[in-house]
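Residue strings, one per chain:
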2 protein chains.
Amino acid sequence: MVERPEDDADLDSIFQALAHPTRRALIEQLAGGPANVSTLAEPHDMSLAAVSKHLQVLEEAGLIEVEPEGRVRRCHLDGTPLSAAFGWLTRYRIFWEDRFDALEDHLEQEHQ
Amino acid sequence: MVERPEDDADLDSIFQALAHPTRRALIEQLAGGPANVSTLAEPHDMSLAAVSKHLQVLEEAGLIEVEPEGRVRRCHLDGTPLSAAFGWLTRYRIFWEDRFDALEDHLEQEHQ
DNA sequence: TCACCATTCAACCAAATAGTTAAATAATTG
DNA sequence: CAATTATTTAACTATTTGGTTGAATGGTGA
């Protein structure tokens, strides 16, 4: 297992992006399908500009992709960085092996 | 699937704690076994006080526990919050299902 | 007790974060 | 073209973060 300093900055921005409840909520929203900025902003109690900035943080971390579509910007989730975060966490699963086993079993069932 | 606002602040501090390379390195170090503060600080190119603060961030996120042991403070990893982070990420695994499958297979082998 | 060792605390600083409002940009429709 | 709609940018502010140095705390051993 070699060190991978080149991944480090990626993990920084991925975990940083996930560290804000608004951004996690945006990811949850996008898990339901692509959406444009104002639709995503609607349930949040802050300005559109603020949501726009949060989306930029998510985009820079690679968690979402944004495509201009007419005058609308369509955002959709990209799971790749989530996978990277998952991968990092998994290295330490020995410290919660019991929970890991339970989760694995749970997924096993769901995953059919 | 109910909302769990009470977990939100926890996830904030967990992901926030993981978002810094020094703190992830400290976790990697502690994965090798408990250690005291100055031992942990030694490989890092910053003051002991700075490492001490990083350890406090990890402790507040619940990722480590610190027990006074004589004049030394012994730190050890607690995987529970890692499990919480893992759990959150897992909700979106449908967006990286292929990688998830590959990882699962990989773990399957390693996990015997 | 005295000196030492491990660690934290306090004060400070620069940079980043998260929000605001108002103006700018750019596509759409009448 | 003019008005509208969607979104970003700019400028500003308050707070947090991540680092520093130096002093304080508190256990250990001579």
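Residues numbered from 1 in each chain as written. Chains lettered and ligands numbered in written order. Predicted model: local features only at pLDDT ≥ 70, side-chain atom pairs only at ≥ 80, totals over all residues.

Draft legend 1. Geometry of the overall build of chain A. Looking only at helices and strands, one finds 6 helices and 3 strands in chain A. Ordering the α and β elements of chain A from the N terminus gives α-α-β-α-α-β-β-α-α. Within chain A, contacts between residues separated by at least 24 positions form 54% of all contacts whose residues are at least 6 apart in sequence. (Helix = DSSP H or I, 4+ residues; strand = E, 2+ residues; numbered from the N terminus. Contact = placed C-beta atoms within 7 Å.)

Draft legend 2. Local environment of the sheet that holds strand β3 (residues 72-77) of chain B. Residue and element names in this part refer to chain B. Read across the open sheet, the 3 strands follow the order β1-β3-β2; overall the sheet is antiparallel. Of all strands in the sheet, those bounded by a partner on one side alone are β1 (35-36) and β2 (64-69). Here 2 bridges tie β1 to β3, and the two strands are oriented antiparallel to one another. Counted as the bridge partner of Asn36 is Arg74 from β3. Packed on one face of the sheet, helix α2 (residues 21-31) meets β1, β2 and β3 and runs near 90 degrees to β3. Against the sheet, helix α4 (residues 48-60) makes contact with β2 and β3, and its axis sits at roughly 115 degrees relative to β2, the strand it touches most. (Pairing = 2+ DSSP bridges. Axes fitted to C-alpha atoms, helices over the stretch in contact; angles between N-to-C directions.)

Draft legend 3. Structural detail: the nonpolar core. Formed by 50 residues in total, the largest nonpolar core has its most connected members in A:Leu63, A:Ala85, A:Leu89, B:Leu63, B:Ala85 and B:Leu89. The contacts of B:Leu89, once residues within four sequence positions are left out, are A:Leu82, A:Ala85 and A:Phe86. (Core = buried A, V, L, I, M, F, W, Y, C linked by C-beta atoms within 7 Å. Buried ≥ 20, exposed ≤ 12 C-beta atoms within 10 Å, placed from the backbone.)

Draft legend 4. Highlighting the pairing of strand β3 (residues 72-77) of chain A. All names here are of chain A. The pairing of strand β2 (residues 64-69) with β3 spans 6 bridges and is classified as antiparallel. Within β3, the position partnered with Pro68 by the bridge is Arg73. Following β2, the chain reverses through 2 residues before pairing antiparallel with β3; Gly70 in that reversal takes a positive phi of roughly 65 degrees.

Draft legend 5. View of the relation of the copies chain A and chain B. In the superposition of chain A on chain B (RMSD 0.0 Å, axial shift 0.0 Å), the rotation amounts to 180 degrees. In short, the pair behaves as if placed about a two-fold rotation axis. The overlap is high: 100% of the interface residues of chain A also sit at the interface in chain B, so the same surface is used on both sides. (Least-squares fit on C-alpha atoms with pLDDT ≥ 70 in both.)

Draft legend 6. Structural detail: the protein's contact with DNA strand D. Of all residues adjacent to DNA strand D, which total 22 residues, the nearest are A:Asn36, A:Ser38, A:Ser52, B:Ser47 and B:Gly70. Among the secondary structure elements, those contributing two or more residues to the surface near DNA strand D are α3 (37-41), α4 (48-60) and β3 of chain A together with α4 of chain B. It is α4(B) that provides the largest number of residues to the surface near DNA strand D, a total of 5 residues. (Near = placed C-beta within 6 Å.)

Draft legend 7. Structural detail: the interface of chain A and chain B. The interface of chain A with chain B comprises 26 residues on the first partner and 26 residues on the second. For the side of chain A that touches chain B, the elements supplying multiple residues, two or more each, are α1 (5-18), α2 (21-31), α5 (80-90) and α6 (97-110) of chain A. The element best represented in the side of chain A that touches chain B is α5(A), accounting for 7 residues.

Draft legend 8. Seen up close, the protein's contact with DNA strand C. The full set close to DNA strand C counts 21 residues, and A:Ser47, A:Gly70, B:Asn36, B:Ser38 and B:Ser52 are the nearest of them. Of all the secondary structure elements, the ones that give two or more residues to the surface near DNA strand C are α4 of chain A together with α3 (37-41), α4 and β3 of chain B. Here the surface near DNA strand C is composed, by residue class, of 9 nonpolar, 9 polar and 3 charged. (Nonpolar A, V, L, I, M, F, W, Y, C, P; charged D, E, K, R; others polar.)

Draft legend 9. Spotlight on the sheet that holds β3(A). All names here are of chain A. The sheet built from 3 strands is open, its strands ordered β1-β3-β2 with antiparallel pairing. Among the strands making up the open sheet, the edge pair consists of β1 (35-36) and β2. With respect to the sheet, α2 is in contact with β1, β2 and β3, its orientation differing from that of β3 by roughly 90 degrees.

Draft legend 10. Representation of the packing of α2(A) against α4(A) in the model. Residues and elements named next belong to chain A. In contact at an axis separation of 10 Å, α2 and α4 are set at 75 degrees when each is read in the N-to-C sense. Accordingly, the angle class assigned to the pair α2 and α4 is roughly perpendicular. Counting all contacts with α2, which are made through Thr22, Arg23 and Leu26, the residues of α4 involved are His54, Leu55, Val57 and Leu58. When grouped by side-chain class, the residues that make up the contact of α2 with α4 number 4 nonpolar, 2 polar and 1 charged. (Parallel < 35°, antiparallel > 145°, perpendicular 65-115°, else oblique.)

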